[in-house]
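As a plain string of letters, each chain reads:
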Amino acid sequence: NRMINVWNQYQCRITFNWARSASFYESGIGRGIGFRDSNQDCLWVLHVEPSSVKQRIIDLAKNQFKKGNSFHQYFPLTKAGDKSGYSDDHLWLIVSTTNYIKETGDFDFLKCRVPFADGGAATLYEHLMRAIGYSFKNCGRHGMPLLGYADWNDCLNNLGKEAESVWVAQFLCYATKELAILAKLISKEKDYSRLNKLYQKMRRIINRCAWDGSWYIRIFDHKSRPVGAKNCKEGGKIYLNTQSWAVLSEIADNPKAFKCMDAVKKNLATEHGIKLLAPAYKTFYPYIGAIGTFAPGLKENAGIFCHANPWAVIAETKLGRGNLAFSYYKRILPAARNAIAHIQKTEPYVYSQFIASDESPEFGRSRNSWLTGSASWNLVAASSYILGIRPDYKGLAIDPCIPKKWTYFKVKRVFRGAIYHIEVRNPEHVSSGIKSIAVDGKNISGNILPLFKPGTSHLVKVIMGRRGLNAR
Ligand code: IFM
C-alpha cells in the first residue's frame with residue numbers, strides 16, 4: 001500500500017522532474033535529457049499531471065528527425081543533441097503517447113503539429129508513423145532492425161554496424177501493434193492494415209531466426225553470430241529482455257511464451273530479483289562493448305536491473321501466473337526488503353537502478369537509487385497488470401492477475417475525473433478470470449468500466465473465478 005500509493009508515485013515524480021541529470025550518480029553536465037528514459041518517465045505521473053506529460057511529449061517529439069529517428073539525449077536550453085544513433089529511442093514516443101491517450105481520452109493530441117529537429121513539422125500522429133517507418137527501413141540481413149550504436153542496453157555497444165537487435169525487433173512489434181490499434185480507432189484504415197502486415201512480417205522473422213530452442217537470442221553481431229544463445233562461449237547465454245518482450249509484444253505463440261519465461265525462472269531468477277543475463281561476462285570482450293567493463297553481477301553485466309524486472313512481472317501476468325508475477329514483484333520491492341536493510345543498503349522506499357546478483361560478492365546490495373526507469377515500470381506492473389486496473393481508450397479495464405491465496409483487495413482509482421471505488425473478491429482462489437462486474441449495483445458485460453462525469457463517485461464490485469472472462 002505504501003509503495004503504490006505514496007513512495008513509488010513520489011519517485012516517479014522526482015524522476016520525471018530530474019530525468020537522469022544532476023545526481024550523486026550521474027554528475028557533470030555531459031548528460032542531457034534522455035529521449036528513451038523521459039518517454040518512460042511519463043508513464044506514471046500522467047494520472048496526476050496530464051498537462052505536464054502532454055508538454056513533455058511535445059518537447060520530446062521536437063527532438064525527432066524527419067526520417068523518424070531521434071536524438072538520444074538533448075539539451076533543452078541549447079537545442080543541441082546526441083546523434084549517436086541508438087536503435088530504440090524513437091519508438092518510446094509511441095509508448096508514451098498511446099499511454100497518454102488511454103489515460104486522458106485526448107485523441108486530438110495526435111493532430112498537434114510538432115516541428116522536427118532538422119526542419120519541417122508534422123502532426124504528432126505522423127511523428128509516430130515515421131518512427132515505425134524508420135525502424136522497418138533500417139533492417140539487416142535477417143530482416144530485423146539494425147542495432148546501431150546500441151539499444152535499451154547501453155552497454156551492448158560495439159557489435160558492429162551490421163548487427164541486428166532481436167529485442168528491438170520485438171519492441172518494434174509492440175509499438176507497431178499499439179499504433180495499429182490507435183490507427184483503427186481514429187479511422188486510419190489503410191495505416192491499420194499496413195501496420196498489421198508489418199507486425200506479422202516481423203513476428204515471422206523473429207520466430208524463424210531468433211528462437212534458440214528454449215529462449216530468444218538477444219542480438220546477431222556484424223558477422224551474424226548470436227549473442228544470448230546457448231552456444232555462446234563464456235558470458236551472456238541467455239538475456240532477460242528478449243524473453244519478457246517476446247510476451248509483451250505477443251510475438252511468441254503459447255509453447256514458446258511459456259518456454260522462454262520458464263527459462264528465465266530457471267536461469268535468471270534469484271531470491272533478490274531477476275538478472276539481466278547469465279552467465280556474466282568475466283572478461284572484457286571489446287567486440288561486444290562496455291558491458292564487460294563492469295564486474296560480474298553488477299550493472300548491465302548480469303546485475304539485477306530493476307528497470308527490466310517489471311517487464312518480466314508483466315509477462316507473467318499475461319501468461320496468467322499470478323503467484324510468480326507477485327513473487328518477482330516482491331523480490332525487488334524496496335519496502336519488502338526492509339528486513340534485509342543491512343544487505344540492501346539503500347533507502348527502503350526507493351527503487352534503484354540495480355541490485356547486485358548472485359554472480360557478485362555483494363549479492364543483494366542495491367545501487368544507484370532514485371533516478372531510474374524502474375520507478376515507472378514497477379508501478380505499471382503493480383497497478384495495471386497485477387491489480388489489473390488498466391487505462392484503455394474506451395474506459396478503465398479490469399483484468400487482475402494476483403496470487404491465488406489473495407481473497408480480496410480494493411482500490412480507489414481516479415480516471416478521467418471520475419472516482420472509481422473498486423472492490424475485487426476472489427472466492428475461488430484463482431489468479432485471473434472475471435465472473436462478474438457490477439457498477440453501482442448493475443452488472444456490466446465485458447471488463448471495461450463505463451466513463452462517468454468528472455467529480456462523480458462509483459462503486460465497482462468485481463468477482464473473480466475459474467473460466468471467467470480473461471481467465472488464462
Ligand atoms: O536503458 C538504459 C537507460 O536509458 C539508462 N540507464 C541504463 C539502461 C540500460 O542500459
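For the structure itself, consult the block above.
How each quantity is defined
Residues numbered from 1 in each chain as written. Predicted model: local features only at pLDDT ≥ 70, side-chain atom pairs only at ≥ 80, totals over all residues. Heavy atoms only, no water. Salt bridge = Lys/Arg side-chain N within 4 Å of Asp/Glu carboxyl O. Buried < 20%, exposed > 50% of the residue type's maximum accessible area, 1.4 Å probe, protein only. Helix = DSSP H or I, 4+ residues; strand = E, 2+ residues; numbered from the N terminus. Near = heavy atom within 4 Å. Polar contact = N/O pair within 3.5 Å; in protein donor to acceptor, adjacent residues only side chain to side chain. Areas by Shrake-Rupley, 256 points an atom, 1.4 Å probe, with all protein chains shown as cover. Nonpolar A, V, L, I, M, F, W, Y, C, P; charged D, E, K, R; others polar. Contact = heavy atoms within 4.5 Å. Phe/Tyr/Trp six-rings, centres within 6.5 Å; stacked < 30°, edge-to-face > 60°. Lys NZ or Arg CZ within 6 Å of the ring centre and 35° of its normal. Core = buried A, V, L, I, M, F, W, Y, C linked by side-chain atoms within 4.5 Å. Pairing = 2+ DSSP bridges. Axes fitted to C-alpha atoms, helices over the stretch in contact; angles between N-to-C directions. 1 Å grid on protein atoms, 1.4 Å probe; cavity = no way out; pocket = protein on both sides within 12 Å on 5 of 7 lines; lining within 4 Å. Points joined across faces, edges and corners; volume = space filled by probe spheres on them.

A closer look at the pattern of salt bridges
Inference 1: The tally for this structure, following the rule as stated, stands at 31 salt bridges.
Inference 2: Taking the shortest distance from any N to any O, the salt bridge between Lys184 and Glu189 comes out at 3.8 Å.
Inference 3: Since its relative accessible area comes to 41%, Glu189 is described here as partly exposed.
Inference 4: Note that Lys275 is salt-bridged to Asp358, the shortest N-O span being 3.0 Å. Remark: Asp358 occurs in the loop between strand 14 (352-355) and strand 15 (366-369) and Lys275 occurs in the loop between strand 11 (273-274) and strand 12 (277-278); sequence separation between them is 83 residues.
Inference 5: A residue is classified by how much of its surface remains accessible, and Lys275, at 6% relative accessible area, is buried.
Inference 6: Its relative accessible area of 42% is what places Asp358 among the partly exposed residues.
Inference 7: Each of Arg36, Asp88, Asp89 and Asp154 takes part in a single network of salt bridges with overlapping partners.

Considerations on the site of the ligand
Inference 1: Taken together, the residues surrounding the ligand are Arg36, Asp37, Trp152, Asn153, Asp154, Glu300, Phe305 and Gln353.
Inference 2: Trp152 places a polar main-chain atom, nitrogen or oxygen, 2.7 Å from an oxygen atom of the ligand.
Inference 3: When the ligand is considered free in solution it has 280 Å² of accessible area, and contact with the protein chains removes 90% of it.
Inference 4: Considering only residue class, the shell around the ligand consists of two nonpolar, two polar and four charged.

Quick notes on the environment of Val168
Inference 1: Mapping Val168 onto the fold places it in helix 6 (residues 166-185).
Inference 2: Expressed as a C-alpha distance, the spacing of Val168 and Trp377, which sit 209 residues apart in the sequence, is 18 Å.
Inference 3: If sequence neighbours within four positions are ignored, Val168 has contacts with Ser87, Asp88, Leu91, Pro145 and Asp151.

Some words on the packing of aromatic side chains
Inference 1: Scanning the model with the defined rule gives 26 aromatic pairs in all.
Inference 2: With 5.2 Å between their ring centres and 75 degrees between their planes, Trp245 and Trp311 make a pair best called edge-to-face. With Trp245 in helix 8 (residues 241-248) and Trp311 in helix 10 (residues 309-319), this pair connects stretches of sequence that are 66 residues apart.
Inference 3: With centroids separated by 5.1 Å and ring planes inclined at 70 degrees, the aromatic side chains of Phe326 and Trp406 adopt a geometry described as edge-to-face. Here Phe326 is found in helix 11 (residues 322-331), whereas its partner Trp406 is found in the loop between strand 17 (395-398) and strand 18 (408-415), with 80 residues between them in sequence.
Inference 4: Joined through ring pairs, the aromatic side chains of Trp92, Trp152, Trp167, Phe171, Tyr174, Trp245, Phe305, Trp311 and Trp377 make up one cluster.
Inference 5: Here the guanidinium or amino end of Arg56 rests over the ring plane of Phe16, the centre of that ring lying 4.0 Å away.

Some remarks on the nonpolar core
Inference 1: By size, the foremost hydrophobic cluster in this structure holds 133 residues, and its most contacted members are Trp92, Ile132, Met144, Leu179, Ile206, Ile422 and Leu449.
Inference 2: Take this core: its biggest share by element is 13 residues, from helix 6.
Inference 3: Apart from residues lying up to four places away in sequence, Met144 is in contact with Asn138, Cys139, Glu164, Ser165, Val166, Ala169, Met202, Ile205, Ile206, Cys209 and Phe220.
Inference 4: Ala280, Tyr281, Ile291 and Ala302 belong to the second-largest nonpolar core, a separate cluster that totals 14 residues.

Re helix 13 (residues 374-386)
Inference 1: With 13 of 13 residues buried, helix 13 is to be regarded as a mostly interior element.
Inference 2: Following helix 13 by one or two positions, Gly388 adopts a phi angle in the positive range, close to 70 degrees.

Some thoughts on the sheet that holds strand 21 (residues 442-444)
Inference 1: The strand order 18-19-23-20-21 describes an open sheet built from five strands, whose pairing is mixed. Because the sheet does not close on itself, it has two edges, and the strands there are strand 18 and strand 21. For this sheet, the mean angle separating the axes of adjacent strands, direction not counted, is 25 degrees.

A word on the sheet that holds strand 14
Inference 1: Taken in spatial order, the three strands of this open sheet run 13-14-15, and their pairing is antiparallel. Bordering the open sheet on either side are strand 13 (304-305) and strand 15, each of which pairs with just one other strand.
Inference 2: Sheet analysis places strand 14 next to strand 15, joined by three bridges and oriented antiparallel. When the sheet's bridge partners are listed, Ile355 is paired in strand 15 with Ser366.

Regarding the layout of surface pockets
Inference 1: Space inside the largest pocket adds up to approximately 1100 Å³.
Inference 2: Taken together, 43 residues make up the lining of the largest pocket; nearest its centre are Glu178, Glu250, Lys318, Tyr385 and Arg390.
Inference 3: Broken down by class, the residue content of the lining of the largest pocket amounts to 23 nonpolar, eight polar and 12 charged.
Inference 4: The volume enclosed by the second largest pocket comes to roughly 750 Å³.
Inference 5: Around the second largest pocket, the lining is made up of 28 residues, and of these Asn1, Ile4, Asn5, Leu387 and Val411 lie nearest the centre.
Inference 6: Counting only elements with at least two residues in the lining of the second largest pocket, the list comes to helix 1 (2-18), helix 11, helix 13 and strand 18.
Inference 7: Counting residues per element, the lining of the second largest pocket draws most heavily on strand 18, which supplies seven residues.

Examining unusual backbone geometry
Inference 1: Note the cis peptide between Ala278 and Pro279, where omega equals -15 degrees.
Inference 2: Secondary-structure assignment places Pro279 in the loop between strand 12 and strand 13.
Inference 3: Phi at Glu250 takes a positive value of approximately 60 degrees, unusual for a residue other than glycine.
Inference 4: Along the chain, Glu250 falls in the loop between helix 8 and helix 9 (254-267).
Inference 5: Look at His429: it is not a glycine, yet its phi comes out positive at around 55 degrees.
Inference 6: Note that His429 resides in the loop between strand 19 (418-425) and strand 20 (434-439).
Inference 7: By relative accessible area, His429 is classed as partly exposed at 37%.

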